[in-house]
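# A look at the structure
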Amino acid sequence: MIKTRRLALDVRYNSYPFAGQVGGDIESLTYTDSAADNSDSINITINAQDRKWLLGWMPEKGATLRARILGYNWERQGQRSIMECGLFVLDDVSFSDAPTTLQVGGVSKPSDSDFSELERDVIWKNTSIKRIGAKIAARYGLAFTYDADDYDIECDEQDGTDSSYYNGLCKKYGLILKVYARRLWVYDREKYKAKRAVRTFDRSQIRPGSFGYTTTLSGTYTGGYFNYTDADKDIDIECSVGGGSHTKSVNRRATSVYDASVQLCAELNSANHGTVKLRFGVDGDWRVSAGNCIALTGFGNLNGKYFVDKVTHKVTNSGLTTDFECSGIGPAFHSWDVGGKIVLPGFVDAHIHLESSLVSPTEFAKAVLPHGTTTVITDPHEIANVMGTDGIEYMLQATEDLPVDVRFMLPSCVPATPLDESGANLDYRAIDSFYDHPRVQGLAEMMNYVGVVNGDGQVVEKIVASQAHHKKIDGHAPGLSGKDLNAYIAAGVYSDHECSDMEDAMNKLRLGQYIMIREGTAARNLEALMPLLHS
């Protein structure tokens, strides 16, 4: 004996069977499953002709509804199918006469209204999209599912509700936030489009009169450009992808070219989603959810894979119908296809003697800035050997407000050796007050490495004074090795710029010194020391 298809509803109000209040009065139930933007929803139409709804029990806003649709013998004999619609918060109750009906509507959202109503002012720092979502979900006791790549958030300001802020943040990176009554779910729509179709629908299965196809291919973006200027970091970030005649420009905050490329591709993919739209209905489907892909056959050029944006199930006395709203799946933009550039603050020359250029600081800036040098760290060794502390004062004053940022290391050897004749003799007391200047970084190249190794009193005093001000000490010790090198580095000399071969450089690197590679007019060591970059 062939058993006919049969449907049943299991609807619960605040966890109690809805049938206790409604009996057999439900005329229809509509469940809408959305892949993005809108929350899932449920609408129930109740026959209210006996007036018990006006004189007796009425549903209250804020109550919960949980619904299941049960099917028997739907696709094969003896089969029992269950469609879990989920948990909904009742937010709409309406009554109409002639015919007398009661409409009850609910949406899938957290019962705590603060999620979508409470304005918050929060600064998120050194975190990620996933961690932000987990923290927001925990705030409301919600489960959290994250099915996408995570993206770092260096600093972002929230000025609004948790719901609107997190939804907007996800969209910036091409992610979709789905909100349920007890869970937040984040997924990458473009990755879901790449999944296989969960079901194929042939033209013969589609309900007559329900099929529709539209396209706006002329509006599809073929490429885009991203531009952002970070005034705080003084950098310009630019990137582009694709090309053609229909491109989109994006200008908003990004922290790197990679960050910009992810946002640019997200913007283009979101704008192109839905340029091809498909809609159709079938006589009840139990397997396809919003966010799945389906395949279409029997329509010639329209055949292919589509992404399901929305599924609407409706139960009436006539049975179950399912209607789909889908989008076409075209080529996506990916961050690895993006070409970009970042205009950096400029080159930093870590060790120079500015006065050795034989021009004033102003003229020096005019000469080096066009070649990309925007910061120099100078040791006024020569001018101090002629003028003493007056020479250091002059250099500090003459480099104020230049377009090149000039930083200083205080000369450590004035005179250069005890045998030299010089205009000054500077001990640690003579230079100590300069450490308080904001552009003084530390003690310049300690050329008297013999004095360091042998514990010369004046040399040690200069090192200790620099360390007392929490400043760095540059080195100058060509060919120094063995125990002498150990002593030199142990004294606190943290760098060296005199290496001309790999053996010397590796000895110092192994003991913890930073190596500066010279490539200038007096010494060219880049080629010889290039293997350091791969060691």
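Residues numbered from 1 in each chain as written. Predicted model: local features only at pLDDT ≥ 70, side-chain atom pairs only at ≥ 80, totals over all residues. Heavy atoms only, no water.

## Remarks on the pairing of strand S15 (residues 223-230)
Note: S15 against strand S16 (residues 235-242), eight bridges, orientation antiparallel. Bridging from a neighbouring strand, Asp-230 pairs with Ile-235 of S16. The turn joining S15 and S16, which pair antiparallel and follow one another in sequence, is formed by four residues; a positive phi near 60 degrees is taken by Asp-234. Bridge count for S15 against strand S17 (residues 247-250) is four bridges, and the pairing is parallel. Looking across to S17, one finds that Tyr-225 is bridged to Ser-249. (Pairing = 2+ DSSP bridges. Helix = DSSP H or I, 4+ residues; strand = E, 2+ residues; numbered from the N terminus.)

## Some remarks on the environment of Leu-443
On the secondary structure map, Leu-443 appears in strand S26 (residues 440-446). Once residues within four sequence positions are removed from consideration, Leu-443 is found in contact with Met-409, Leu-410, Pro-411, Ser-412, Ile-431, Tyr-435, Lys-462, Ile-463, Ser-466, Lys-472, Ile-473 and Asp-474. (Contact = heavy atoms within 4.5 Å.)

## Thoughts on the pattern of salt bridges
When the charged atoms of two side chains lie near each other, side chains of opposite charge can form a pair. Across all of its chains, the model carries 22 salt bridges by this definition. The closest approach of N and O atoms between Arg-12 and Asp-10, which form a salt bridge, is 3.6 Å. Overall, the relative accessible area of 32% leaves Arg-12 in the partly exposed class. Residue Asp-10 is classed as buried on the basis of its relative accessible area of 18%. Between Glu-267 and Arg-252 there is a salt bridge, with the nearest N and O atoms lying 3.1 Å from each other. Separated by 15 residues along the polypeptide, Glu-267 in helix H7 (residues 257-272) and Arg-252 in the loop between S17 and H7 bring together distant segments of the chain. Overlapping salt bridges, with partners in common, bring together Asp-10, Arg-12, Arg-68 and Glu-84 in one network. (Salt bridge = Lys/Arg side-chain N within 4 Å of Asp/Glu carboxyl O. Buried < 20%, exposed > 50% of the residue type's maximum accessible area, 1.4 Å probe, protein only.)

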